[in-house]
Amino acid sequence: MAGGKLKSGTKHGKHKGKRWKKGHSSDSNPQIRKHRLTAKNRFFNQNVGSSGLTEAALAKHDEISEDREDDITSTEKETGSVSGRTFSTWATNWTECTNTTFSRVHRYASSNSAMHKEILAVLAAVTEVIKASGGKESETEYFAALMTSLESVEGEQSLAAVAYLLSLVMKRVPPAVLKSRFSDIAKALLHVMATHVNTQFTSLSRSIIVCLTSVLRVQDPIVWNDSSTLQIYHGLLALTTHHKPKVRKAAHHAVCVILKGSAFMQHPESPPYHPASSTTAKYCIQQMEDTGGTGEATTTLHMLGLLKDVLAVFPQHSVKAACETILRLMTLSNVLVTSVAMQTLHGMFSMQPKASSLPAELNAQIITALYDYQPGENDVQPLTAWLAVMEKAHVNLGRIDAKLCISHLPRIFNSAMKCLLSEKAEIAHVAADTLKILLNNCVATNMAFVKSVLTTAAESIPTPIHKMFRAVEGGLSYQFHAEWGQVLQILAAFFEVLGQECPKMMKKCLVSMADLRDSHRFPYKAELDHAVGVAVRRMGPRLVLEAVPLQITGNEDNYEFPRSWLIPVLRDNIKETELGFFTSYFLPLAARLRAKSITYSKEDHLVESKTYDALQLQIWSLLPGFCTRPTDLKQSFKGVAKILGSAISDRADLRMTVMASLRKLIQHSLEKEDNRTEVAKYAKNFLPILFNVFTVDTEYEKDPTRLAMLETIKTYLQLADRQLTASFCDKCLDKMLGQDIGSLQRHSLMDLAIAMVPHVNKPRLHRMHGFIVLQLESTDKTVQKKSYRILEEICAGKSPESIQFVTENLTELQKLLLKSLSSSGPSSKAPRLRCLCHIFKNLKSSQHEFLIAVVPEAVLCTKEVGERARTAAYNLLDNMGTAQLTWSDKPQQETVQNYFELVMAGLAGSPHMVSATVLALTRLLYLYKADISRDLLELLVDQACLLLTSKAREIVQSALGYLKVLLSSFQDVDLAQHLKKLVLSLVSMKEDNKHHFRFKAKEIFGRLIRKFSYETIYSMVPESHHKMLVNLRKTQERAKKKKKQGGEYDEDEEEEEKSLKPSFTAESIDDILRDTDSEIDDVDDSRQTKAKKPHKKVAKSGSAWLKETGDDDIVDFMDPGVSKKVLATKPDSSVSSKKAIKHDFKMAPDGRLIITEEKEEMDTKIKKGKNVKEEAMDDLDELLDAMEGNPKKSRKRKMESVEVDEDEAPAKYKAGGSGIHRPIAVGKRKDRTGMGVEYKAKKAGGDVKKKGKPDPFAYVPLDFKQLNKRKRAKAAGQFKNLVKGAKKGAISGKRAKRRK
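Quick look at the structure, then. Fair warning: this is a prediction, and the values are worked out from it, not measured in the lab.

**Details of the packing of helix α10 (residues 245-261) against helix α12 (residues 298-310)**
- At a minimum axis distance of 10 Å, the contact between α10 and α12 shows a crossing angle of 30°. Comparing the axis directions of α10 and α12 gives the class roughly parallel. Considering how the two elements wind past one another, α10 and α12 form a crossing that is right-handed. Judged by residue contacts, R248, H252, V255, C256, L259 and K260 of α10 engage H302, G305, L306, D309 and V310 from α12.
- Considering only residue class, the contact of α10 with α12 consists of five nonpolar, three polar and three charged.

**Some thoughts on the pattern of salt bridges**
- Taken as a whole and assessed by the stated rule, the structure comprises 32 salt bridges.
- R789 serves as the salt-bridge partner of E793, at 3.5 Å between the closest nitrogen and oxygen. In this pair, E793 and R789 both sit in helix α37 (residues 781-796), four residues apart, roughly one turn of the helix.
- In this structure, E1003 and R1007 form a salt bridge, with 4.0 Å as the shortest nitrogen-oxygen distance. One end of the pair is E1003 and the other is R1007, both in helix α50 (residues 998-1012) and four residues apart, which spans about a single turn.
- Classification of E1003 as partly exposed rests on a relative accessible area of 37%.
- Overlapping salt bridges, with partners in common, bring together R789, E792, E793, K798 and R834 in one network.

**A word on the nonpolar core**
- Counting 334 residues, the largest nonpolar core has F413, V443, F495 and M513 as its most contacted members.
- Here this core takes 11 residues from helix α21 (residues 484-498), the largest share from any one element.
- Aside from chain neighbours lying at most four places away, what touches F413 is L435, L438, L439, M468, A471, V472 and F494.

**A closer look at the environment of A753**
- By the element assignment, A753 lies in helix α35 (residues 743-756).
- Note: C-alpha distance between A753 and C729 (24 residues apart in sequence) is 6.8 Å.
- In contact with A753, other than residues within four places in its own chain, are C732, M736, M768 and I790.

**With respect to helix α41 (residues 848-860)**
- For α41, with 13 residues, the first-to-last C-alpha span of 19 Å sits near the 18 Å given by 1.5 Å per residue.
- At V854, α41 is bent by approximately 30°, the largest bend along its length, and proline P856 sits one to four residues beyond.
- Residues F850, L851, V854, V855, E857, A858 and V859 constitute the buried set of α41.
- In this structure, the buried residues of α41 make contact with α39 (810-819), α40 (829-842), α42 (867-887), α43 (892-903) and α44 (911-927).

**Some words on unusual backbone geometry**
- With a phi close to 50°, Q352 is a non-glycine residue in the positive phi region.
- Summarising the element assignment, Q352 is placed in the loop between α14 (335-350) and α15 (360-370).
- Since its relative accessible area comes to 45%, Q352 is described here as partly exposed.
- Residues other than glycine seldom take positive phi values, yet E576 does so here, at roughly 55°.

Reading guide: rules and limits
- Residues numbered from 1 in each chain as written.
- Predicted model: local features only at pLDDT ≥ 70, side-chain atom pairs only at ≥ 80, totals over all residues.
- Heavy atoms only, no water.
- Axes fitted to C-alpha atoms, helices over the stretch in contact; angles between N-to-C directions.
- Helix = DSSP H or I, 4+ residues; strand = E, 2+ residues; numbered from the N terminus.
- Parallel < 35°, antiparallel > 145°, perpendicular 65-115°, else oblique.
- Left-handed = near helix turned anticlockwise from the far one by under 90°.
- Contact = heavy atoms within 4.5 Å.
- Nonpolar A, V, L, I, M, F, W, Y, C, P; charged D, E, K, R; others polar.
- Salt bridge = Lys/Arg side-chain N within 4 Å of Asp/Glu carboxyl O.
- Buried < 20%, exposed > 50% of the residue type's maximum accessible area, 1.4 Å probe, protein only.
- Core = buried A, V, L, I, M, F, W, Y, C linked by side-chain atoms within 4.5 Å.
- Expected span 1.5 Å × (residues − 1).
- Bend = angle between axes of the 7 residues up to and from the residue.

Keep in mind these values describe shape, not function.
See the structure below:
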């Protein structure tokens, strides 16, 4: 239970305090000036009357001040404070207690609660007594002193304080002490409890309960055989029905702790249940039987709440008796008692009791009994709770006895499927979720038993599994059409769990689903496709297509292909199935479809040709799924290998699909040695085909097909024989050395060489090295780049042969890289730098000269355009630093400083070099910030300050980034001494750079303010920057406020979304039955003072309604199924929307039907429908009327009387309105008098320009009368009509434009 909260002192009455009048809240001279007058009298007048300041009062004040000073001095000596003189409080005397048990009590020092002060006072007194007697302040000493105080102290407040301290210390007292003094402790505690059972201090009762719990939980099992022990325990049980919620809650918790957490119950060889559990069960049953379930039934509800937590630890006979009592209470049709009883049963099943407490037979009996208490199908809350209890009961039964659980599942499936017919969507969702959970937790976890049942059962006798599936399969009938989506989800769960074990049972269902999918405008296509996809995954495509054929043969006369929706479903879900099925079924079908496409193409039937071509491509798109862990790879790959090779070489449209399938096949074959061997046998066939296609000249080199092909070659080389790879490498090198090949073919051969480097031996590596030495200085930049890529693969050491080659030729590789520096192109920078990274990783001894030679290149490449080159340069700087730390024997800080000084040599070069050096230093600063000494930091800061004053923009830009990393890498303590230099350099930038980088500089100032405070930075900058800092502070504060508000808003919005979305999964019965708890805790009293948000009215707890279907339907309360007619929610008195008769006839106000002929309806529709142009003209009329000051005409039509005399002749049609109903004889608009009439067009609807006159616009005459304040309002009214009409016309024009 939450801690108590003090009630607010504010009284929310009907009469509010005095408020400012509207418009006078900012008056500086209010009428009521009580406080001002008091202050004035206090400061400017002499005090009148006798003063309360006497010599005795002064002496008393001095004495109190001296005591406080002594307290402060003693406290400072004990705590060793170095912060100077601290403020003393009234609780300073009670900080002498050093036992950590009372650490939470010390937090009460700043509290104003009288109870907290009393607790500190008692603790101080007890501590003083223990110290005076030479004690060590152990828990046992505090326990003895507090027990003595408990018997001698007077006053309930002091007694409550002692009991609270005792409850804290008894948890840490050695169990031997509590066992030896059990009778004395219990006697003293019970005496206090009996004497103060109705005390106003709730904490006293709670503390005594905690003390009794601490004593009882450490006692041995033999002690519980004594009647005195059970009598003490009965005292705790009696408090579980106490009228005060806090006391009741504490007793409830105490019983749970004793029954579940006693010391002997925690041992591995603990008894099956606590000795007091039977006593607890008898007490709860007796209380419930005495109170019953009628009326408020408060005691019954309290007992049910206790049983929810302890029923699972009762012995078997107690569990049976308690459950029988609970079921009897549910027959009383008290909605509140029934709901809490469901909560109790849910708690018992959720705790998964032992089989000794709840055997499988008793669990099954409870399940059977609960069917008599199934609520009505439209009663949301009780039915949701009932489903949650049944779900937990079946899951628990499946854990204990799988056979008994499976036999009980068909009935709950039938009941849950009936719930899908409910008018409430929440019930349908919960029922569907319940069935899915039962399948996953009861069936899937007991698949061994399910398989044995399915294999041993006769075909004529349906098993429970068949009954369950038939119940769900019945949901595909039209009766369940509103919840087909939920039914399909349940079927998907069935396919997932049982698809492999009983596919024959599910074929008929698949046919029904396919027929539904083919029906007109079926609304649940996505759910059905998902269910069929699960069936494909679990049953395999062969069985699914046997039940639901594709109906595509290549000889169709109809080109609609109604089952073509199956192909995408198959493509997304086929895996781990037979590869031979693709060979036998889909490959011939694809061949027939392609032949049909070619035939139609020759006959110039382009539509049919494209259709069949698309179908055959979709058939081929299934191949990657069949190649994902095929089950018959060893048997079937030889039958499809030749076809795949032909498709790669001859079919450009299938090349990507086939290569993707081949890559998947190779990757998954690496997991099994048999599959690996089988696929590797065909490397000699596939690799030449891939090589030939890859090296053929294409229109452009970066063809995605070529990249996919190269990736396929790399993948297949993992399985290929080394001798075969060596022969391919020799042929590739021979062709590259030839002079009669084109540039694109040479590039392709070099790509193949890159792919083969990790798989060749050392002689081939030597040969490749000799080839690339000649190509590193080639004028063809692509050849040069690919040569570096070959060298990179060699240096990477992905195979033992390449590692050995690099180790033996490391010096030659270093010389080669240094020699080729001048001739390397920009595109070769990235692979060249990666080669250097690998070289430095392999250098074991110091190579300082080589490092000095490489540093300038690495620094300059940090300014390269290519991102890969920049990344490689930064990695090279990191590797060089790591290498230098490995080589050096000096301290790490000194080595890092030497490396920084080496890099900083670039600051003396050109602006480009300086900028690159700053970027390199930025990277190193971030990497080695923990190893930078103070001297090096000062040097780095000085260099940064100097660079900020440079004229070159690129230098200043790099320096600002460097400064940003500097501020984020070091603490304010490290940078405090350099702060003035940093700020001065920022404000001393050149004017051009200051303006150009003002936003970056502002960002750095923001970091400085966050690190060193606004006032510090403000005092250091010149006055010209003050405005910027003020703006920056306001921006930061605004951003913080916005972030805070935005976070709260997002949280509220998320909570609102959660509240709007119905939670259909019954995760906890507490959530389901949260409105049924009638207990009101006094802790919640403080919430009454908070402002109440408007919310929907909730029905009062315990309210119940009877469901009656007619006037003669009388509810029989002796009927076992009466619980279905007692509802917790008010039944809807209106006719059900499903059963309501709908018609398209109009209704008169008195309820009569208006039946019109078709001609009359068409005339009415024509009258109602209005042309856009005519509507725009009407808006123009209103605008002109507004300009002339005429009142706005209403467009509303008066309702004509429906009553027509049958004898009266029909009225003659009279033209009126607009559009086709406008009067033909007269003009469209009446003649106007006034301003602008002469511009009116004779035939058109608008105005025309006339020669020698102003344009036809709305000219407003200037009138000197409008300067008069009294007449200004009248003139403004004329303009309001004008503006309103103009706005409306503009809106109508926009609408007309959209419709066009």
